[in-house]
4 protein chains.
Amino acid sequence: MAEIGIGMLGYAFMGKAHSNAFKKIAYITWPPPLVPRLVGIAGRNLEAVEDAAQRYGYEYATDDWRKLVDDPSIGLFDNGGPNALHAEPTIAAAEAGKHVVCEKPLGRDAAESYEIWQRVAATGVKHLCAFNYRFVPAVRLAREMIEAGELGEIRHFRGRYLQDWGDDPSLDTWRFDPDAAGSGALGDLMAHVVDLARFLNGEPETVTGFTHTFIPGRKVDDAVEATVAFANGSVGTLEATRFAHGRRNAFQWEINGQKASLAFDMERLNELQVFRADGDRARGFKTVLVSEADQPWWEFWWPPGHIIGWGETFVHEIHHLLGAIAKGGDVAPVGATFEDGYRAAEVCDAIVRSGETGSRERLSYRTL
Amino acid sequence: MAEIGIGMLGYAFMGKAHSNAFKKIAYITWPPPLVPRLVGIAGRNLEAVEDAAQRYGYEYATDDWRKLVDDPSIGLFDNGGPNALHAEPTIAAAEAGKHVVCEKPLGRDAAESYEIWQRVAATGVKHLCAFNYRFVPAVRLAREMIEAGELGEIRHFRGRYLQDWGDDPSLDTWRFDPDAAGSGALGDLMAHVVDLARFLNGEPETVTGFTHTFIPGRKVDDAVEATVAFANGSVGTLEATRFAHGRRNAFQWEINGQKASLAFDMERLNELQVFRADGDRARGFKTVLVSEADQPWWEFWWPPGHIIGWGETFVHEIHHLLGAIAKGGDVAPVGATFEDGYRAAEVCDAIVRSGETGSRERLSYRTL
Amino acid sequence: MAEIGIGMLGYAFMGKAHSNAFKKIAYITWPPPLVPRLVGIAGRNLEAVEDAAQRYGYEYATDDWRKLVDDPSIGLFDNGGPNALHAEPTIAAAEAGKHVVCEKPLGRDAAESYEIWQRVAATGVKHLCAFNYRFVPAVRLAREMIEAGELGEIRHFRGRYLQDWGDDPSLDTWRFDPDAAGSGALGDLMAHVVDLARFLNGEPETVTGFTHTFIPGRKVDDAVEATVAFANGSVGTLEATRFAHGRRNAFQWEINGQKASLAFDMERLNELQVFRADGDRARGFKTVLVSEADQPWWEFWWPPGHIIGWGETFVHEIHHLLGAIAKGGDVAPVGATFEDGYRAAEVCDAIVRSGETGSRERLSYRTL
Amino acid sequence: MAEIGIGMLGYAFMGKAHSNAFKKIAYITWPPPLVPRLVGIAGRNLEAVEDAAQRYGYEYATDDWRKLVDDPSIGLFDNGGPNALHAEPTIAAAEAGKHVVCEKPLGRDAAESYEIWQRVAATGVKHLCAFNYRFVPAVRLAREMIEAGELGEIRHFRGRYLQDWGDDPSLDTWRFDPDAAGSGALGDLMAHVVDLARFLNGEPETVTGFTHTFIPGRKVDDAVEATVAFANGSVGTLEATRFAHGRRNAFQWEINGQKASLAFDMERLNELQVFRADGDRARGFKTVLVSEADQPWWEFWWPPGHIIGWGETFVHEIHHLLGAIAKGGDVAPVGATFEDGYRAAEVCDAIVRSGETGSRERLSYRTL
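So, here is what we can say about the structure in this document. (Residues numbered from 1 in each chain as written. Chains lettered and ligands numbered in written order. Predicted model: local features only at pLDDT ≥ 70, side-chain atom pairs only at ≥ 80, totals over all residues. Heavy atoms only, no water.)

1. Topic: the interface of chain A and chain B
The interface of chain A with chain B comprises 50 residues on the first partner and 50 residues on the second. Contact between chain A and chain B buries roughly 3,600 Å² in total, counting both sides, with carbon and sulfur atoms accounting for 49%. When the buried surface of chain A facing chain B is broken down by residue, Arg-155, His-245 and Arg-360 of chain A rank first, second and third, together holding 17% of it. Counting the contacts that link chain A with chain B gives eight salt bridges. We note a salt bridge from Glu-239 of chain B to Arg-158 of chain A, for which the minimum N-O separation is 2.8 Å. Connecting chain A to chain B are 25 residue pairs in polar contact (both at pLDDT 80 or more). (Contact = heavy atoms within 4.5 Å. Buried area = accessible area lost by both parts, 1.4 Å probe. Salt bridge = Lys/Arg side-chain N within 4 Å of Asp/Glu carboxyl O. Polar contact = N/O pair within 3.5 Å; in protein donor to acceptor, adjacent residues only side chain to side chain.)

Structure follows, in structure tokens:
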């Protein structure tokens, strides 16, 4: 089987999630589209990177990501570094001819995101912005039902990503540093909400809203509140916060159509709530274990009813990318491409602007 | 036991709900603060009103609400008529010295609501705007927990009232007539959301958002979307719609505080979801059957675990009003007073204005 | 409208529940089959009975139930007294020509229950054993789905009635007195489980199991555990306990068929869980708000989504009985008749015998 | 890091689950107690085994398990073959000095299970019967709470394992062959129920019940129904079935204590329902995301709220075994040992006997 050399930037949370995916693809998806060969891993703390290299089986560790960019045996550069480190290494890797996957948010704002997209697209490599929640089986089932017309005309999309770890003034990570992170809940959580809104329901046209910081002196936003109107005529609310006590990873969304509704909560990511206005006297939302739903990724795993974990979304995501590389196909339709990463940033920026001006903001996207 | 004569305007949905409450108060709450004597019932369709009089035991039926206003044996005038019929009869009854309860929304907009409040308050009678969801035991438990400081500083209030009966162009009721109803989902559903937001979380300071109509030619709004910032520093989203397929009566709200969170769904109105950040290793939302919670209205009913229905909220509400009349006390703190009815209308109007202007709207309330 | 005079024995929990039903039938079910006239109420504590008479509007109170039996203006005798007081007054009332409703368990064991059934049936009056859970809309919907063949062949019935108030050695009520109650969780809770098992799934053929008492010195059972095989070929478990901490009124049952499954919890009595093996890719249990399900009793109440309470089961139950009296029809098919009361007792006795002998017990029912 | 050579018997469902575990232990648990080296894999279909060897990275494939037993580089023999193939290879491997893990049920009945335990224990190797549900974080949290006395005296254990794939007469796998499988739902599902009952609640003392086969001509049981009394004074029901439509992998159990209750469903294996009778006015079951609960296995995975899948239970299980091998400690307390495998078989056999004799069966266990 053909191999592809992997260069990984980042060894912490995302480094672990992506490395796990590379390792599992080699045997859980069988036969894999390409066999990942873990060539090199980079990060600032060399001791930690060396430990990660040993742990995950990378052939070498380095504290200079440029070594990965320069390594001809690397065919895919995976950027799981902090947001401030997305642009330069990703662009450099693409310009060195490597396919690239970059964690979200693509850039720290729309301008930086556009720059990354534009520069990378010009090289012709495959690019994927790691909105891994597109790769939750329930989300993909939802997308397929929507595309098949099972919901009819869409009336509402409402999405909120609720976490609760931020309500502590003593916290101090790069995620609160505006230079490193660009923003707070906005880029970290709202970007996911916007991406799934776009993936499931199409383009937003206008937004109103604002970002908000609860902790005095904190330099990034703690929460984002927005209303949205979509090009398809549907309307809704979008929300993201790190201050919803008791909600650890509650990315919840609901979509209401003329003929059906769907609802989801990431804390129960194996389930999709499905309502069909099908005339059955027994009318209500079904709790669908998506393992049952003839779901395209489920074949990798276990018999129905044996649930999968959050980590597997990365297996699906990178498998999708490797398939596009191997077959020469497109990263779309599941994506997300760097254009998707850029567009999410435009929507996030529009909410920020609305908060600053107090005015409804109309979306417009740049093209290449 | 002392009696109070009741004059009821309206015999349909709200006429039934209120008449049931008057009848049950006489024996379920024991001893009742005042025994309701069902004197007269009014409505436009005399035949239907006469049937209702026989059904509920009113001494007479009339197609002229002025007869109730003129009847000296009536001490409480209950206005359950369409929105356009709230102002004149309610004011007339109060000016005739009767205590008044009026269904929500108080008026069709803030100006009309203010007029009703001002005129009625000037008479000195007791007045209650029938936001019956204040009288759900779970909502009152929530209020008590918040007032006791169990949530700490509040970070978020998010509320949405989702129904699904509106997605049919052939529908034709007074609720779609702007003269009769004033508005659509706004006055019907969002008014409830705003009232509970105020009851639980205090005054909104700013809103952004808009109303939306899906059905071409329909003259009232089908849905409302808003963001909100409150005087207490919390932020959130507010939503109301008649287009959420599968959600029949899903008035859902969640409030996140520094120390605890609460969540609720009217389709399970006997339950409150309670999260406490209390250091217990076993951390999560409790599903609290409020019958258990030493809840002030529960003594009227059954042993814990034997749930009550939506209709009982009116029993609690009118019991509260009769208590205030009997004891000479205030309709507050549970309320809602006509001032609350007026303030809900101001918030609703502000959302409409925001939709029209595209700008963030700051709330300001008139006083007497 | 025709009236029927009511004589009520019992003024506490069941006296309140039944009196509420009589009062509501007169206006919530419209037109009522017969208008209940609350003639007399009896109980041992005269002061309490007199208070109840005033509260509910009975024309007189008495501490001698024979006065009700002798009163020619009473057409329906309602026995809500302790179990030891079921047989004699009920038989006497029937022999005096009154229709009778008696709380469950019908007698304290099968022999006493048979005696009541036999003696009452001989008089030709209508008789109803107050298994009110047959009158939960979700239970009736389940029965209708089963009768319509929507489940196919039945594989399993499992039922458990879990409460948690018994785990306190200091408790002292008539419910722990074997003479007054006959048994503990067996007659109080397991009788309900057995009745719904029979109502939904038909006759048990064999049982194994036992009763158990946790509190030393307590003279009635605290819990009952059983396996069961039914005449229709299905099998399952039956359980009842007052020692399930956190379960206040959790009468839960599930029925699995070849084509569909149903599940229920009395703490959410407005909901039925419905699974259909209908080939839909989106496969799962629906949470059906039964208010939506074109349910025969729902017309009495509110629009869909506005839930009803536990107390309303008695409204449905007595409405059903009054209909049978008014129209001369049968209390069946919804029932339950005194024969149903007797049969539940036979099954309960068989579980007791199995516990004593250690052997599987085969059911056999006596006939008139 | 020290290595241990792995010999795997079985390449299908369990072969995949265990191989995945061996591979993940090497990097998810860090540092691993021993690094698994995948030496050989055996099975009857050589082509399929060779494919599996390539997929998971075993050094060789064989259709003769004796080759694994004879291979000195193998230190741990993992038996994931059909039930009929548990005894001989497992005993042979142990007698060849290899540590052994064997899938459940240990043997096809108590006699065979005892033989395996006795023979293997005599060799002094570590032995683990792969009751992987002990390694669900929620189950371990439950065990820790019980051991810490947080539940007080236990009143009830009720367990049921509901699946729904069996209701099809055309099915034909080794699982329906009594020689290969020994039994149907009994060994496949009830063995799990019994094991967790023992793990959480201690030894059963008596059982009543029976096995049942729905499909004419099927030679193994489709369902098992039982009552149980435990040595600790608690009582309950036990059930297992492949005929519960809509329940794909619903291993549900509940345990009620004087001070707290716990409930669980394998279809939501990241959650534990926890009720504490702690006097909080807001009383109810918590939905605990066990990722939050300072759970000993969680450190391997992701931040709280990012759920894990069913497959990870095997990672925990084999990590536990490797730890015992590396440190020379005991496989207990989490286990399960082969003695646990034997004891589960004794309880299953007792239910079978009760069904045959119609009598209550008292448990007694053999010792070495």
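2. Structural notes on the relation of the copies chain A and chain B
Rotating chain A by 180 degrees and moving it 0.0 Å along the rotation axis overlays it on chain B with an RMSD of 0.0 Å. Here the transformation between the copies is reduced to the relation of a two-fold axis. Measuring from the rotation axis to each C-alpha of chain A, the shortest distance belongs to Ser-359 of chain A, at 2.2 Å. A shared interface surface links the copies, since 100% of the contact residues of chain A are contact residues in chain B too. (Least-squares fit on C-alpha atoms with pLDDT ≥ 70 in both.)

3. Concerning the pattern of salt bridges
Inspection of every chain in the model, using the stated rule, returns 128 salt bridges over all chains. Note that Asp-188 of chain A is salt-bridged to Arg-242 of chain A, the shortest N-O span being 2.9 Å. Here Arg-242 of chain A lies in the loop between β10 (235-241) and β11 (250-257) and Asp-188 of chain A lies in helix α8 (residues 185-201), a separation of 54 residues in the sequence. Both residues of the pair, Asp-188 of chain A and Arg-242 of chain A, count as buried. For the salt bridge of Glu-88 of chain B with Arg-66 of chain B, the shortest nitrogen-to-oxygen distance reads 3.4 Å. With Glu-88 of chain B in helix α4 (residues 87-95) and Arg-66 of chain B in helix α3 (residues 65-70), this residue pair connects regions lying 22 residues apart in the sequence. Taking the relative accessible area as the measure of exposure, Glu-88 of chain B reaches 47% and is therefore partly exposed. For Arg-66 of chain B, a relative accessible area of 39% puts it in the partly exposed group. (Helix = DSSP H or I, 4+ residues; strand = E, 2+ residues; numbered from the N terminus. Buried < 20%, exposed > 50% of the residue type's maximum accessible area, 1.4 Å probe, protein only.)

4. Focus: the side chain of His-86 of chain D
All names here are of chain D. Looking at where His-86 falls in the secondary structure, it is placed in the loop between β4 (76-79) and α4 (87-95). A residue is classified by how much of its surface remains accessible, and His-86, at 0% relative accessible area, is buried. Engagement of the side chain of His-86 in a polar contact is seen with the backbone oxygen of Gly-81, the distance being 2.9 Å. In this structure His-86 touches Asn-79, Gly-81, Cys-102, Glu-103, Lys-104, Pro-105, Leu-106 and Ile-116, once residues within four positions along its chain are discounted.

Coordinates in, geometry out; function isn't part of it.
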